[in-house]
Amino acid sequence: MQLVRQKDQMMAKGAHRPRRSLGAALAVAALAAAATACSGSAEPERGAPAPAPAAAGQQAPAAGALTAYVERVRAQRAARVLAAKKWGLAEPPLEAPAPPAVKPRITTRKGFETDGEGLPPVFTTVPTKQKVVFLTIDDGAEKDPRLLTMMKELRIPYSAFLSDYVVKDDYGYFARMQKSQEAGVSLHNHTLHHRYLPALSYGEQKREICGMQDVIEKQFGKRPPLFRPPYGNYNEDTLRAARSCGVKAVPLWAAEAFPDHMEWREWDRDLHPGDIVLTHFRGKEDWKGTMPDMIRRVMNVITSKGYAVAKLEDYV
């Protein structure tokens, strides 16, 4: 059975505890104060790393270590606030919570199935109760250096799905992107030539998908586990070919971001925990704004709805 999904635009305790020294207690109080600094809220920022708990029978961490931790968290939060002002965001992005210890089980979205068995799942939303969404950027046509700077300064994770015909003129840009953040930016497969895959034979689809796997491995050092078909169109041959190339999952999208508006797949035109957000490497020649304009728009929407952007690869 051939399944075709068109893009929305051609387009989610009773035991005694060791006593702390007076200095450590003061440091803990300072930590609590730092959690509300800059945010103006009594609720600690989500995702801020917590100091490791003391092992049984051991004393709590020294006051000096806690003080250093407080200062580090405070400095990170202050830098994010300043970056949000610099880039014109309405408010700083929310910090994502820690990812799950065990990744959720991903299954194909109902209505997106083919008759084949054991094929990579096709999905638009990751099953999670956390208020997180995932930002993905397709193709690679626009290579705006300001995007790398903006995303690094705002500490926003994202994943890129690349097509060779538009990235081969500057592999270096995407190599810099890959290393532009401490946790890294993952580069995934969007085929060699961005063709309409259901119109191709199995062999032609395999060359498009496996060929891009080879390019990414050669240029960026890793064979990607994720693949997104151009325009969101696929059939059973697409998924069979992808599986043969080492693809583990096929993420599509629940919403799409532009510099001047959002487009939605779901009837309620809203975000949901685990939604995947799509956008493209585009500039003023293709849409009404730059890539920083697009990031500003989508982050204002995401943050205003109480969501944080998490790293897709931590969940899939």
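Preceding block: the structure.
Owing to the predicted nature of the structure, the values given are computational and were not obtained by experimental measurement. (Residues numbered from 1 in each chain as written. Predicted model: local features only at pLDDT ≥ 70, side-chain atom pairs only at ≥ 80, totals over all residues. Heavy atoms only, no water.)

1. So, the environment of cysteine 245
Next up, step 1: Relative to the assigned elements, cysteine 245 resides in the loop between α7 (236–244) and β5 (250–251).
Next up, step 2: Each C-alpha atom, one on cysteine 245 and one on arginine 223, is 9.1 Å from the other, the two residues being 22 residues apart in sequence.
Next up, step 3: Contacts of cysteine 245, omitting those with residues within four sequence positions, involve Lys206, Ile209, Cys210, Gln213 and Arg223. (Helix = DSSP H or I, 4+ residues; strand = E, 2+ residues; numbered from the N terminus. Contact = heavy atoms within 4.5 Å.)

2. Looking at helix α6 (residues 202–220)
In an α-helix, one turn spans 3.6 residues; hence positions three or four apart end up facing the same way.
Next up, step 1: In this model, α6 (19 residues) spans 27 Å end to end at C-alpha, consistent with the 27 Å of a helix rising 1.5 Å per residue.
Next up, step 2: Within α6, burial applies to Gln205, Glu208, Ile209, Cys210, Gly211, Met212, Gln213, Val215, Ile216 and Phe220.
Next up, step 3: Considering only its buried residues, α6 is in contact with β3 (159–162), α4 (164–167), α5 (171–178), β4 (186–189) and α7.
Next up, step 4: Of the residues trailing α6, glycine 221 is marked for its positive phi of about 90°. (Expected span 1.5 Å × (residues − 1). Buried < 20%, exposed > 50% of the residue type's maximum accessible area, 1.4 Å probe, protein only.)

3. As for the pattern of salt bridges
When their charged atoms lie close together, side chains carrying opposite charge are able to pair.
Next up, step 1: Within the structure shown, the criterion is met by 15 salt bridges.
Next up, step 2: Here lysine 86 and glutamate 153 are joined by a salt bridge, their closest N and O atoms 3.0 Å apart. With lysine 86 in helix α2 (residues 63–86) and glutamate 153 in helix α3 (residues 145–154), the pair connects residues that are 67 residues apart, well separated along the chain.
Next up, step 3: The exposed category is assigned to lysine 86, whose relative accessible area is 54%.
Next up, step 4: The shortest N-O distance in the salt bridge between glutamate 266 and arginine 109 comes to 2.8 Å. Here glutamate 266, found in the loop between β7 (262–264) and β8 (276–280), pairs with arginine 109, found in the loop between α2 and β1 (122–123); they are 157 residues apart in sequence, far enough to count as distant.
Next up, step 5: Among the ionic contacts, a cluster of salt bridges with common partners joins Arg80, Glu95 and Arg155. (Salt bridge = Lys/Arg side-chain N within 4 Å of Asp/Glu carboxyl O.)

4. Concerning the state of the cysteines
Next up, step 1: One pass over the full model with this rule turns up one disulfide.
Next up, step 2: Across the disulfide from cysteine 210 sits cysteine 245; the S-S distance is 1.7 Å. Taking the torsion about the sulfur-sulfur bond, which here is approximately -80°, the covalent link between cysteine 210 and cysteine 245 counts as left-handed. Pair noted here: cysteine 210 is in helix α6 and cysteine 245 is in the loop between α7 and β5, with a separation of 35 residues, a long-range link. Side by side, cysteine 210 and cysteine 245 carry an identical accessibility label, which is buried. (Disulfide = S-S within 2.5 Å.)

5. With respect to the packing of α6 against α7
Next up, step 1: Where α6 contacts α7, the axes come no closer than 9 Å and their chain directions differ by 45°. With respect to α7, the axis of α6 lies oblique. The two elements α6 and α7 meet at a crossing, and its hand is right-handed. Each of Tyr202, Gln205, Lys206, Ile209 and Cys210 in α6 lies in contact with α7, whose residues at this interface are Asp237, Thr238, Arg240, Ala241, Ala242 and Ser244.
Next up, step 2: When grouped by side-chain class, the residues that make up the contact of α6 with α7 number five nonpolar, three polar and three charged. (Axes fitted to C-alpha atoms, helices over the stretch in contact; angles between N-to-C directions. Parallel < 35°, antiparallel > 145°, perpendicular 65-115°, else oblique. Left-handed = near helix turned anticlockwise from the far one by under 90°. Nonpolar A, V, L, I, M, F, W, Y, C, P; charged D, E, K, R; others polar.)

6. Observations regarding the nonpolar core
Next up, step 1: Ranked by internal contacts, the top residues of the largest apolar core, which has 46 residues, are Leu147, Leu162, Phe174, Met177, Phe281 and Ile295.
Next up, step 2: When residues of this core are assigned to their parent elements, the largest contribution, seven residues, is made by helix α8 (residues 291–304).
Next up, step 3: Setting aside residues no more than four positions away along its own chain, phenylalanine 174 makes contact with Gly140, Lys143, Leu162, Val167, Leu187, Phe220 and Phe281.
Next up, step 4: With 32 residues, the next largest nonpolar core counts Ala96, Phe134, Phe227 and Ala308 among its residues. (Core = buried A, V, L, I, M, F, W, Y, C linked by side-chain atoms within 4.5 Å.)

7. Some points on the packing of aromatic side chains
Next up, step 1: Counted according to the given criterion, the structure contains five aromatic pairs.
Next up, step 2: Considering the side-chain rings of tyrosine 171 and phenylalanine 220, the 6.1 Å spacing of their centres and the 80° angle between planes classify their relative orientation as edge-to-face. In this pair, tyrosine 171 is assigned in helix α5 and phenylalanine 220 in helix α6, connecting sequence segments 49 residues apart.
Next up, step 3: In this structure phenylalanine 220 comes out as buried when scored by relative accessible area, which is 9%.
Next up, step 4: For the ring pair phenylalanine 174 and phenylalanine 281, a centre distance of 5.7 Å and an interplane angle of 85° mean the geometry is edge-to-face. Separated by 107 residues along the polypeptide, phenylalanine 174 in helix α5 and phenylalanine 281 in the loop between β8 and α8 bring together distant segments of the chain.
Next up, step 5: Taking relative accessible area as the criterion, phenylalanine 281 reaches 0% and is therefore assigned buried.
Next up, step 6: An aromatic cluster of three or more residues is present, and its members are Tyr173, Phe174 and Phe281.
Next up, step 7: Above the ring of phenylalanine 161, the side-chain terminus of arginine 228 is found at 4.5 Å from the ring centroid.
Next up, step 8: For arginine 265, the ring lying beneath its charged end belongs to tryptophan 253, and the centroid distance is 5.3 Å. (Phe/Tyr/Trp six-rings, centres within 6.5 Å; stacked < 30°, edge-to-face > 60°. Lys NZ or Arg CZ within 6 Å of the ring centre and 35° of its normal.)

8. Details of the side chain of arginine 80
Next up, step 1: Counting through the fold element by element, arginine 80 comes out in helix α2.
Next up, step 2: Arginine 80 has contacts with Pro92, Pro93, Leu94, Glu95, Leu154 and Arg155, leaving out every residue within four places of it along the chain.

9. A word on α2
Next up, step 1: Helix length check: α2 (24 residues) gives 34 Å between terminal C-alpha atoms against 34 Å at 1.5 Å per residue, within 8%.
Next up, step 2: Within α2, burial applies to Leu66, Tyr69, Val70, Val73, Arg77, Arg80, Val81, Ala83 and Ala84.

10. Observations regarding the packing of α5 against α6
Next up, step 1: Running from amino to carboxyl end, α5 crosses α6 at an angle of 70°, the nearest separation of the two axes being 10 Å. In terms of orientation, α5 lies roughly perpendicular with respect to α6. Across the interface between the two elements, Tyr171, Phe174, Ala175 and Gln178 of α5 pack against Val215, Gln219 and Phe220 of α6.
Next up, step 2: Per-class residue counts for the contact of α5 with α6 are five nonpolar, two polar and no charged.

From the geometry alone we can't say anything about function, so treat these as descriptive.
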